[in-house]
Amino acid sequence: MSYDLIIIGGGPAGYLGAERAGHVGLKTLLIEKRFLGGVCLNEGCIPTKTLLNSAKIYDKARYGEKYGVLAGDIKFDHQKVLTRKNKVVRTLVGGIRAQLKRNKVEVVEGFGKIIGKSSKGYQVKVYDQTYTGKRLLIATGSQPIIPPIPGLEDGLKKGFVLTNREILDLKTIPERLVIIGGGVIGLEMASYFNSAGSEVTVVEMLDHIAGETDREISNILLKNYQKKGVEFKLNSKVVRVNDSSVVYEDDGQEYTLKADKVLISIGRTPVIEGIGLETIGVETEGRAIKVDERGRTNLPEVYAAGDVNGKSLLAHTAYREAEVCINNMTGKRDIMRYNAIPAVIYTNPEVASVGETEETAGKKGIEFEVANVSMRYSGRYVAENEGGDGICKILVDKKHRKIIGVHMIGNYASEIIYGAAMMIETEMRVKDVQELVFPHPTVSEIIREGIFQL
Ligand code: NAI
């Protein structure tokens, strides 16, 4: 069977690419080995946000007294949370299926393997059926990194160690949860399991949590977690996983943490095994498929988008990368820009950022100014966040007075950050933002407040 485009992988890059391709009239085949929607919809972005929302509601009820709301016997029913999570996932996967159908995309379930090229195009095999595509979009995503720590593989086999996949279906809340890695997944899961009643300890190799996040913000986040009772072992490296404990090393000394479950979340890596890249000679860089700013690989009409290109590992980046690929395939020149991609950590409080941090701007030699304002300048924030200690930082370059970075900690940050991304993407200057009207009272006004301090 012949197609204008074959897409391997049905995650955000794959399904959105397929929808866009179908929409512009390309005869498109989408191949997915596991679930439509990929990691994001089935075992990442969406299920975790569903769980975290239940935890937020629970926390609001438990600590409602601060707001004059006294609830009685509040219980957290993890089983019901899981049932609802599965329903949300089913609904959204159904939505994707419908969208693909609307755009006349054919979907094949199975493992797609590239087997070569003929005069008609690239050949991809699923079970014993061979499909031919004039173009290919590889969107096979990423998987958790499993480091060679003694006992880890064994722990995974026994169900003592979990990845982001298994932890989302854990039937009971573990009494003691040890999380290896204090990055995005580790922190979101620490937030949920801490609210749900686990004793959570996060072991992080670096001297700070939340990776590249602005350091002042990651410190505020750390303090918020510690106040809730989450333990952190920073500058600590896990050296061994035993049957019911994790051993880590700090400053040459070994310590043991008892655990009922362990989550491994030390990063993700592109999935390229077994998909036959070598049969046509797709160039890789480390484990990532090498692409240019138009999403093209080294081969004509072969594109790659999403986590498999190793650039950003975010679902929203994958969406845009897929669109860039489809546009370029169909003769519309389009390029991918990475300077204004927002990043959010859906903890409570939320962290959101876009653009340069003081650290990255400094490294690039950009001369900049920073406004650093307390979220307490926002009336809405004060009304809704008793005792909140959020901040918002805005970076502008000294030469052109353009906005180059915005970083926030405080609730609703996840919903506000796209506005800041637009300011950076459209190269707005301080005076342009000063002329904008923000709705009052909203937490978004914090940007206006910060801008007038510059
Ligand atoms: P990550 O890269 O965010 O964090 C991994 C952390 O583990 C880092 O802080 C690192 O220093 C630490 N680490 C590495 N090796 C270690 C070791 N041996 N012992 C202790 N700590 C160690 O990776 P994570 O959390 O696994 O997330 C993977 C990807 O998924 C991220 O790239 C992220 O972009 C994406 N993601 C995004 C979300 C969002 O946008 N809200 C939510 C969840 C995941």
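It should be emphasised that the depicted structure is a prediction, and the values quoted were computed from it without experimental measurement.

Asks: Just to check I follow, could you spell out the sheet that holds strand E8 (residues 161-162) for this structure?
Replies: Within a sheet, neighbouring strands are paired by backbone hydrogen bonds and run either parallel or antiparallel to one another. With parallel pairing, five strands are arranged side by side in an open sheet as E8-E15-E9-E10-E11. Bordering the open sheet on either side are E8 and strand E11 (231-233), each of which pairs with just one other strand. Bridge count between strand E9 (residues 176-180) and strand E10 (residues 199-203): five bridges; the pairing is parallel. Following the sheet pairing, Arg 176 is matched in E10 by Glu 199.

Asks: Looking at this structure, how should I read the site of the ligand?
Replies: Surrounding the ligand, one finds 20 residues, the nearest of these being Ile 185, Glu 188, Glu 204, Gly 267 and Val 344. In this structure, an oxygen atom belonging to the ligand sits 3.5 Å away from a main-chain N or O atom of Ser 265. Val 344 has a polar backbone atom sitting 2.8 Å from a nitrogen atom of the ligand. Alone, the ligand offers 850 Å² of accessible surface; in the complex the protein occludes 80% of this. Top contributing element to the shell around the ligand by residue count: helix H7 (residues 184-196), with four residues. In terms of residue class, the shell around the ligand is made up of eleven nonpolar, six polar and three charged.

Asks: Is there a simple way to think about the packing of helix H1 (residues 12-23) against helix H4 (residues 78-102) in this case?
Replies: Relative placement of two packed helices is described by the angle separating their axes and the distance separating the axes. Between H1 and H4, the shortest axis-to-axis distance is 8 Å and the interhelical angle comes to 30 degrees. Relative to H4, the element H1 lies roughly parallel. At the point where H1 passes H4, the crossing takes the left-handed sense. Side by side, H1 and H4 meet where Tyr 15, Ala 18 and Glu 19 of the first sit next to Ile 96, Gln 99 and Leu 100 of the second.

Asks: I tried to follow the nonpolar core on my own but got confused; where do I start?
Replies: Burial of nonpolar side chains together is a common tendency in soluble globular proteins. Of all hydrophobic cores here, the largest spans 35 residues; its most connected members are Ile 167, Ile 179, Leu 187, Tyr 192, Phe 193 and Phe 232. Those residues in contact with Leu 187, other than ones at most four positions away along the chain, are Gly 182, Ile 209, Ala 210, Leu 221, Tyr 225, Phe 232, Ile 345 and Thr 347. With 30 residues, the next largest nonpolar core counts Ala 352, Met 408, Ile 424 and Phe 438 among its residues.

Asks: It is not clear to me how the domain arrangement of the protein should be interpreted in this structure. Could you clarify?
Replies: Accessible area lost when the parts come together is the quantity often used to give the size of an interface. Domain annotation of the protein identifies domain 1 (2-144 + 269-329), domain 2 (152-266) and domain 3 (343-451). With 21 residues of domain 1 at the contact, the number on the domain 2 side is 15 residues. Carbon and sulfur atoms make up 57% of the surface buried where domain 1 meets domain 2, a total of about 1500 Å² over both sides. Taken as a group, Glu 43, Leu 52 and His 78 account for 32% of the area that domain 1 buries against domain 2, more than any other trio of residues on that side.

Asks: In this structure, what is going on with the pattern of salt bridges? I would like to understand it.
Replies: Pairing between side chains of opposite charge can happen when the charged atoms of each approach one another. All chains considered together, the criterion is met by 31 salt bridges. Of the charged contacts, one joins Arg 296 and Asp 292 as a salt bridge, the two residues approaching to 2.7 Å between their closest N and O atoms. On the basis of relative accessible area, Asp 292 is assigned to the partly exposed category, the value being 28%. In this structure, Asp 334 engages Arg 320 in a salt bridge whose closest nitrogen and oxygen atoms are separated by 2.8 Å. With Asp 334 in the loop between helix H10 (315-329) and strand E20 (343-345) and Arg 320 in helix H10, this pair connects stretches of sequence that are 14 residues apart. Using a relative accessible area of 14% as the deciding quantity, one classes Asp 334 as buried.

Asks: Please clarify how the environment of Glu 19 should be interpreted in this entry.
Replies: In this structure, Glu 19 sits in helix H1. On the basis of relative accessible area, Glu 19 is assigned to the buried category, the value being 7%. Along the primary structure Glu 19 and Lys 104 are separated by 85 residues, whereas in three dimensions their C-alpha atoms are 8.3 Å apart. Excluding its chain neighbours within four sequence positions, the residues that come into contact with Glu 19 are Gln 99, Leu 100, Asn 103 and Val 105.

Asks: Looking at this structure, how should I read the sheet that holds strand E22 (residues 368-374)?
Replies: Taken in spatial order, the five strands line up as E20-E21-E24-E23-E22 in an open sheet, and their pairing is antiparallel. The open sheet has two edge strands, E20 and E22, and neither has a second partner. Across the sheet, the mean angle from the axis of one strand to that of its neighbour is 10 degrees, orientation sign disregarded. The pairing of strand E23 (residues 391-397) with strand E24 (residues 403-409) spans six bridges and is antiparallel. By the bridge assignment, Ile 394 is partnered in E24 with Val 406. Packed on one face of the sheet, helix H13 (residues 413-425) meets E20, strand E21 (351-355) and E24 and runs near 175 degrees to E24.

Rules of the game
- Residues numbered from 1 in each chain as written.
- Predicted model: local features only at pLDDT ≥ 70, side-chain atom pairs only at ≥ 80, totals over all residues.
- Heavy atoms only, no water.
- Pairing = 2+ DSSP bridges.
- Helix = DSSP H or I, 4+ residues; strand = E, 2+ residues; numbered from the N terminus.
- Near = heavy atom within 4 Å.
- Polar contact = N/O pair within 3.5 Å; in protein donor to acceptor, adjacent residues only side chain to side chain.
- Areas by Shrake-Rupley, 256 points an atom, 1.4 Å probe, with all protein chains shown as cover.
- Nonpolar A, V, L, I, M, F, W, Y, C, P; charged D, E, K, R; others polar.
- Axes fitted to C-alpha atoms, helices over the stretch in contact; angles between N-to-C directions.
- Parallel < 35°, antiparallel > 145°, perpendicular 65-115°, else oblique.
- Left-handed = near helix turned anticlockwise from the far one by under 90°.
- Contact = heavy atoms within 4.5 Å.
- Core = buried A, V, L, I, M, F, W, Y, C linked by side-chain atoms within 4.5 Å.
- Buried < 20%, exposed > 50% of the residue type's maximum accessible area, 1.4 Å probe, protein only.
- Domains from an automatic or database assignment.
- Buried area = accessible area lost by both parts, 1.4 Å probe.
- Salt bridge = Lys/Arg side-chain N within 4 Å of Asp/Glu carboxyl O.

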